[in-house]
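So you can see what is in the structure, the chains are spelled out below.
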Amino acid sequence: MEKRVSVSKDVSHRCEFSPYAEEHFSQSFTQSYISRKYKICYVVICKSANSTIRKWFISLEGIENLVNEQCISQANRIIEQFPELSFEDAYKTIEFDKIAKRISPHIVARSMEEKIDIFSSNEYFRFTVVRNPYTRIFSAWSDKVLSDKLAHKKYFYDDAFYYKAVTTVEDIAENFEQFLICLHKNSDLLYKDAHWMPQVAIVRTDKITYDCIARLENPSSLNDSLKERFGSEFPLPLQERHNKNPLAFSTTFLTPRAQGLMQELYRDDFRTFGYSEVPPTQENCATRVEIEEALRGILEKRLQWMMKERNVLSGKLAYYRRHTLQGAYWALKGKLHKILGAHLRLP
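Right, let's walk through the structure included here. Predicted, not measured: the structure shown is a model, and the values here were computed from it. (Residues numbered from 1 in each chain as written. Predicted model: local features only at pLDDT ≥ 70, side-chain atom pairs only at ≥ 80, totals over all residues. Heavy atoms only, no water.)

**Observations regarding the overall build of the protein chain**
Phase 1 of the analysis: From N to C terminus, the protein chain includes 15 helices and four strands.
Phase 2 of the analysis: Looking at the protein chain as a whole, 49% of its 347 residues are labelled buried.
Phase 3 of the analysis: When contacts within the protein chain are restricted to residue pairs at least 6 apart in sequence, long-range pairs at least 24 apart make up 73% of them. (Helix = DSSP H or I, 4+ residues; strand = E, 2+ residues; numbered from the N terminus. Buried < 20%, exposed > 50% of the residue type's maximum accessible area, 1.4 Å probe, protein only. Contact = heavy atoms within 4.5 Å.)

**As for helix 12 (residues 256–265)**
Helical geometry note: an α-helix holds 3.6 residues per turn, so side chains three or four residues apart project in the same direction.
Phase 1 of the analysis: Among the residues of helix 12, Ala-258, Leu-261, Met-262 and Leu-265 are the ones counted as buried. Buried residues of helix 12, seen end-on, are gathered within an arc of 100° and therefore sit on one face of the element. (Arc of directions from axis to C-beta.)

**A word on the pairing of strand 1 (residues 32–35)**
Phase 1 of the analysis: Judged by which residues are buried, strand 1 turns out to be covered on both faces: Ser-32 and Ile-34 on one side and Tyr-33 and Ser-35 on the other are all buried.
Phase 2 of the analysis: Judged from the four bridges that link them, strand 1 and strand 2 (residues 40–43) form a sheet pairing that is antiparallel. Pairing of Ser-35 across the sheet is with Ile-40, part of strand 2.
Phase 3 of the analysis: Between the end of strand 1 and the start of strand 2, which pair antiparallel, lie four residues, with Lys-39 showing a positive phi angle near 60°. (Pairing = 2+ DSSP bridges.)

**Focus: the nonpolar core**
Phase 1 of the analysis: Residues Phe-156, Phe-179, Leu-180 and Trp-196 are the most contacted members of the largest nonpolar core, which totals 55 residues.
Phase 2 of the analysis: When residues in this core are grouped by element, the largest group, eight residues, is from helix 8 (residues 169–185).
Phase 3 of the analysis: Not counting residues within four places of it along the chain, the set of residues in contact with Phe-179 comprises Ile-137, Trp-141, Val-145, Phe-156, Phe-161 and Trp-196. (Core = buried A, V, L, I, M, F, W, Y, C linked by side-chain atoms within 4.5 Å.)

**Some words on the packing of aromatic side chains**
Phase 1 of the analysis: By the definition in use, this model includes 25 aromatic pairs.
Phase 2 of the analysis: Here the aromatic rings of Tyr-42 and Phe-57 are separated by 6.2 Å at their centres, their planes lie at 25°, and the arrangement is stacked. Here Tyr-42 is found in strand 2, whereas its partner Phe-57 is found in helix 2 (residues 50–60), with 15 residues between them in sequence.
Phase 3 of the analysis: Judged by its relative accessible area of 0%, Phe-57 is buried.
Phase 4 of the analysis: Between Phe-138 and Phe-253 the ring centres are 5.3 Å apart and the planes differ by 5°, which places this aromatic pair in the stacked class. Linking Phe-138 in helix 7 (residues 133–146) with Phe-253 in the loop between helix 11 (220–230) and helix 12, this pair joins segments that are 115 residues apart in sequence.
Phase 5 of the analysis: Among the aromatic residues, those joined into a ring-pair cluster are Tyr-134, Phe-138, Trp-141, Tyr-155, Phe-156, Phe-161, Phe-176, Phe-179, Trp-196, Phe-249, Phe-253 and Phe-270.
Phase 6 of the analysis: In this structure, Arg-215 packs its charged tip against the face of Tyr-275, placed 4.5 Å from the ring centre. (Phe/Tyr/Trp six-rings, centres within 6.5 Å; stacked < 30°, edge-to-face > 60°. Lys NZ or Arg CZ within 6 Å of the ring centre and 35° of its normal.)

**Considerations on unusual backbone geometry**
Note: most peptide bonds trans; most residues except glycine with negative phi.
Phase 1 of the analysis: Phi at Lys-39 is positive, roughly 60°, even though this residue is not glycine.
Phase 2 of the analysis: In the Ramachandran plot, Ala-49 falls in the positive-phi region, its phi being about 65° despite a non-glycine side chain.
Phase 3 of the analysis: Structurally, Ala-49 can be placed in the loop between strand 2 and helix 2.

**Some words on the pairing of strand 2**
Within a regular strand, the side chains alternate between the two sheet faces.
Phase 1 of the analysis: Side-chain alternation along strand 2 places Ile-40 and Tyr-42 on one buried face and Cys-41 and Val-43 on a second face that is also buried.
Phase 2 of the analysis: Relative to strand 3 (residues 125–130), strand 2 runs parallel, the two being bridged by three bridges. The residue of strand 3 that forms the bridge with Tyr-42 is Phe-127.

**Let's talk about the packing of helix 7 against helix 12**
Phase 1 of the analysis: Relative orientation of the contacting elements helix 7 and helix 12 amounts to 105°, with a least axis distance of 11 Å. When the interaxial angle is binned, helix 7 and helix 12 end up roughly perpendicular. Contact residues: Pro-133, Tyr-134 and Ile-137 in helix 7; Gln-259, Met-262 and Gln-263 in helix 12.
Phase 2 of the analysis: Looking at the contact of helix 7 with helix 12 residue by residue, the class counts come to four nonpolar, two polar and no charged. (Axes fitted to C-alpha atoms, helices over the stretch in contact; angles between N-to-C directions. Parallel < 35°, antiparallel > 145°, perpendicular 65-115°, else oblique. Nonpolar A, V, L, I, M, F, W, Y, C, P; charged D, E, K, R; others polar.)

**Points about the side chain of Ser-35**
Phase 1 of the analysis: The topology assignment puts Ser-35 in strand 1.
Phase 2 of the analysis: Owing to a relative accessible area of 0%, Ser-35 belongs among the buried residues under this scheme.

**Looking at the environment of Glu-95**
Phase 1 of the analysis: Its location among the elements puts Glu-95 in the loop between helix 4 (87–92) and helix 5 (96–103).
Phase 2 of the analysis: Residue class for Glu-95 comes out partly exposed when judged on its relative accessible area of 44%.
Phase 3 of the analysis: Between the C-alpha atoms of Glu-95 and Cys-71, which are 24 residues apart in sequence, the distance is 8.4 Å.

Structure follows, in structure tokens:
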């Protein structure tokens, strides 16, 4: 029987659309969850309900309670070390998928050869969930840059926009535009992080055929495909979303220049997945008061993260000073003043 997909075993093969093709193809392999019991393969796209779907996978594997227990235990240890954090914020720092993979290693493929076989097998139901580029990238900026997640700020040390306070609707539009300008100036940065990497670079429809590529805006297409394959009683990963996020994407936050940059940077996403380059309109948009109240909450949490990092890195400063490593001390102290702000006292 002819296989449904053709997957090149030469992972270094370069596709015309990107000079980074081999790294991107590897993303499809590394960003994948596998259920050997049900013969399902999910290629993860960050900022497109991936946390929800990964938790669904964990539930399918029957390890949900074990994972939750370890996450709660780890969150409590974080609070002991940093009492200024709430349990909710501490819990959000935990990478539950790493815990899941440690508890159940077979949830991911063990070798490149095995991954290629799974991507080529007629037995597996392969799917992914894509999202409108406008809402996905705005969500990535809001969650990973505006909220100052420690793992992502390293990309923007030298960019002035990163240090500017965002307190108004106008600030949001300006800061998001500057973020896109950074990605436009540095194509390496565009592809360096999966949260804002073009979806075509992860999904790789030029190499892999999927049983279902669902849109987050229409989860019924995935649910219907799963029910057709596994029966009407099969647990489903996605339900209709009705939550109202004051900082959800709105055309109010999109300058004409930002719109042009989005259309250029994510042109292949728009075309491949059938999204319009016209920004989507949102119903029941938040008011200015709700937006600015949400920004105040983000700024408060950002300060908490800054204080947490200050406590960790101040320990390094004290070590350097005790051991007369003056060069390292002054280099790190100068960097910390830029990152954390001179208003946070350092040793």
